Amino acid sequence: MRHARRRVVKRVVRLTAAGGVICGALMVTQAAMATEPAVTPPATPSAVLSASGTGNGLLTELGSERTAGTWIAEDGSPVVAVTDEKAAAEVEQAGARPKMVEYSGEDLKSATEALRSAPRVPGTSWSIDPASNEVVVRADSTVSKKDWSSLTDLAEEIGGSVRMERTEGAYTMRLNGAQPIFGTGGRCSIGFNVTDGENDFMLTAGHCGPEGSVWFSDDQGRQEIGRTTETNFPGADYSLVQYLQDAPSNKTNVVSVGDGRGVRITSVGDAAVGQRVFRSGSTSGFRNGEVTGLDATVNYPEGTVTGLIETTVCAEPGDSGGPLFSEGVALGVTSGGNGDCDAGGTTFFQPLSDALDDLGVQLNGLPQSAAQPTAAADGSEDDSQGAAAPGSAEPGAVESVESIEAASDLLDRLADPRNVGPGLLVIAGSMVALAATRFIRTEQDRQAYRRQYSQSWG
């Protein structure tokens, strides 16, 4: 009876160990497969894009003399600034929220034109804040007391539609999808991969380098990946870098967010004030913040750039050209700003849609359904996502992302303890258990043979 129990125990141990080997192998296989890029998810209409579309449509319909901008409220609904009760009623009827204001869009535009016509002061910026119904003028720490005094006098001449603010740090271009590229002028970040239908390009900031600039994937200048074919700076801030034929050009748009992962981009859109946005760069990585202004003007020491997106997202040198996005929707590329990711600051972005239109290119790797929002049966846009607040917006589908130098191969994934470590440990433990049971069985058989031999020969 005792020998029968031992045999049962041995068999259970052996079966358990063998099962552990199989289970560990499955874990390793699953971990290796999990790092492969996922299939492109179907595009879904963005709640924020839908809300901003409603607001912008009302601005066009009612005109800039009766409205003064639009933004996204904390609950995700569109708000439109209006100057008369009739316009407020029309906004309500369209499903948006009206807010009565003193200054019209024409008044605010006139104020920005007056600022633009004044002598240029490096270290200053201004943008329209529709929520406060003001043009906000900011001056960094490099602006002298004399220039600040002149700006203040100009603001008083314009009237109450202008608000003056001093800000810390200095406005700089963030020189030096978020992978790093190296040129003679410094380090920048890839924004998005684009195509003209025949050739592949990376879209980055215009101030990163003039036409003809050579770019490398390493700071030693060994691996050339492309050359700048077209640039626009100052005025705007974008450029095209054409991939070399033998460079590892990426025909998808998965934005690197660090730790070997990326966010898949599924469409292109325009930013909205109040929208939560995400940025990635080769220096400070993955960051988020909120859009605070549109059509912003920044007077960098190197030149003036207009039509920018103003945000609370931080950025640092080397992040220039990196992508701005939200809910998988591409919005812009990093231009410059002040502060850093320890103290915070203001960062400006070149709107992507403007750059794509001017360059005559489109994003690579977009799903077919990403071109236009889905239309409902009654002809309106499908709002099946519901009204999501900007604070609850999440970036697009997260998946593995390849580096600019080379894709990770299977050996790299197997060597990564975060991916397959548990599976390898299970296999190792099971193999040790099998070896131990084999040794114990052999030793027991040897002892039994010795006992039998000693009894036979006495």
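As shown above, the structure is provided for reference.
A few points on the structure. (Residues numbered from 1 in each chain as written. Predicted model: local features only at pLDDT ≥ 70, side-chain atom pairs only at ≥ 80, totals over all residues. Heavy atoms only, no water.)

Across its full length, the chain carries eight helices and 25 strands. A buried classification covers 44% of the 458 residues belonging to the chain. Total accessible area on the chain is roughly 22600 Å²; 52% of this is exposed by carbon and sulfur atoms. (Helix = DSSP H or I, 4+ residues; strand = E, 2+ residues; numbered from the N terminus. Buried < 20%, exposed > 50% of the residue type's maximum accessible area, 1.4 Å probe, protein only. Areas by Shrake-Rupley, 256 points an atom, 1.4 Å probe, with all protein chains shown as cover.)

Another point: a negative patch on the surface. A grouping of Glu211, Glu230, Asp270, Asp354, Asp357 and Asp358 is seen on the molecular surface, where their side chains present a negatively charged patch. For the negative patch, the leading source of residues is helix 6 (residues 352–359), giving three residues. Looking at where Asp354 falls in the secondary structure, it is placed in helix 6. Judged by relative accessible area, Asp354 falls into the partly exposed class, the value being 39%. (Patch = residues over 30% accessible without salt bridge, like charges linked within 9 Å, V, L, I, M, F, W, Y side chains within 5 Å. Salt bridge = Lys/Arg side-chain N within 4 Å of Asp/Glu carboxyl O. Lys, Arg positive; Asp, Glu negative; His and termini not counted. Charge placed at Lys NZ, Arg CZ, Asp CG, Glu CD.)

Taking 1.5 Å per residue, 14 residues should reach 20 Å; helix 5 (residues 145–158) reaches 20 Å between its end C-alpha atoms and fits that length. Those residues of helix 5 that sit buried are Leu151, Leu154 and Ala155. Projected down its long axis, helix 5 carries its buried residues within an arc of 100°, all on one side. Opposite the packed face of helix 5, turned more than 90 degrees from it, sit the exposed residues Lys145, Lys146, Glu156 and Glu157. Against helix 4 (105–117), strand 4 (124–129) and strand 6 (162–166) lie the buried residues of helix 5. Gly159 lies just past helix 5 and shows a positive phi near 125°. (Expected span 1.5 Å × (residues − 1). Arc of directions from axis to C-beta. Contact = heavy atoms within 4.5 Å.)

Next up on the list: the sheet that holds strand 2 (residues 78–82). The mixed open sheet is built from three strands, whose spatial order is 1-2-3. Because the sheet does not close on itself, it has two edges, and the strands there are strand 1 (67–72) and strand 3 (97–100). On average, adjacent strands in this sheet sit at an angle of 25° to one another, irrespective of strand direction. Judged from the four bridges that link them, strand 2 and strand 3 form a sheet pairing that is parallel. Paired with Val80 across the two strands is Pro98, which belongs to strand 3. Where helix 3 (residues 85–93) meets the sheet, it contacts strand 2 and strand 3, and its direction lies at approximately 160° from that of strand 3. (Pairing = 2+ DSSP bridges. Axes fitted to C-alpha atoms, helices over the stretch in contact; angles between N-to-C directions.)

Tallied over the full model, the rule gives nine salt bridges. Between Arg97 and Asp75 there is a salt bridge, with the nearest N and O atoms lying 2.7 Å from each other. In this pair, Arg97 sits in strand 3 while Asp75 sits in the loop between strand 1 and strand 2, placing the two residues 22 residues apart along the sequence. On the basis of relative accessibility, which here comes to 38%, the residue Arg97 falls in the partly exposed class.

What follows concerns the state of the cysteines. The term disulfide refers to a covalent linkage connecting the sulfur atoms of a pair of cysteines. In the structure shown here, the tally under the stated rule is two disulfides. One disulfide in the model links Cys188 with Cys208; its S-S distance is 2.0 Å. Between Cys188 and Cys208, the disulfide has an S-S torsion of -105° and is therefore left-handed. Of the two residues, Cys188 sits in strand 9 (residues 186–189) while Cys208 sits in the loop between strand 11 (200–204) and strand 12 (214–216), which places them 20 residues apart along the sequence. Cys208 shares its class with Cys188; the two are buried. Sequential numbering of the bridged cysteines in the chain gives the disulfide pattern 1-2, 3-4. (Disulfide = S-S within 2.5 Å.)

Here we take up helix 4. With 13 residues, helix 4 should cover 18 Å at 1.5 Å per step; its first-to-last C-alpha distance of 18 Å lies within 8% of that length. The complete set of buried residues in helix 4 reads Gly105, Leu108, Ala111, Thr112 and Leu115. Each buried residue of helix 4 sits inside an arc of 125° when the element is viewed along its axis, so together they form one side.

Turning our attention to the packing of aromatic side chains. Across all of its chains, the model carries four aromatic pairs by this definition. Ring centres of Phe278 and Phe286 lie 5.7 Å apart, and the angle between their planes is 10°; this geometry places the pair in the stacked category. Note on Phe286: relative accessible area 33%, which makes it partly exposed. Chaining the aromatic ring pairs together yields one cluster made of Phe278, Phe286 and Phe325. The residue whose ring lies beneath Arg166 is Trp148, and the NZ or CZ to ring-centre distance is 5.0 Å. (Phe/Tyr/Trp six-rings, centres within 6.5 Å; stacked < 30°, edge-to-face > 60°. Lys NZ or Arg CZ within 6 Å of the ring centre and 35° of its normal.)

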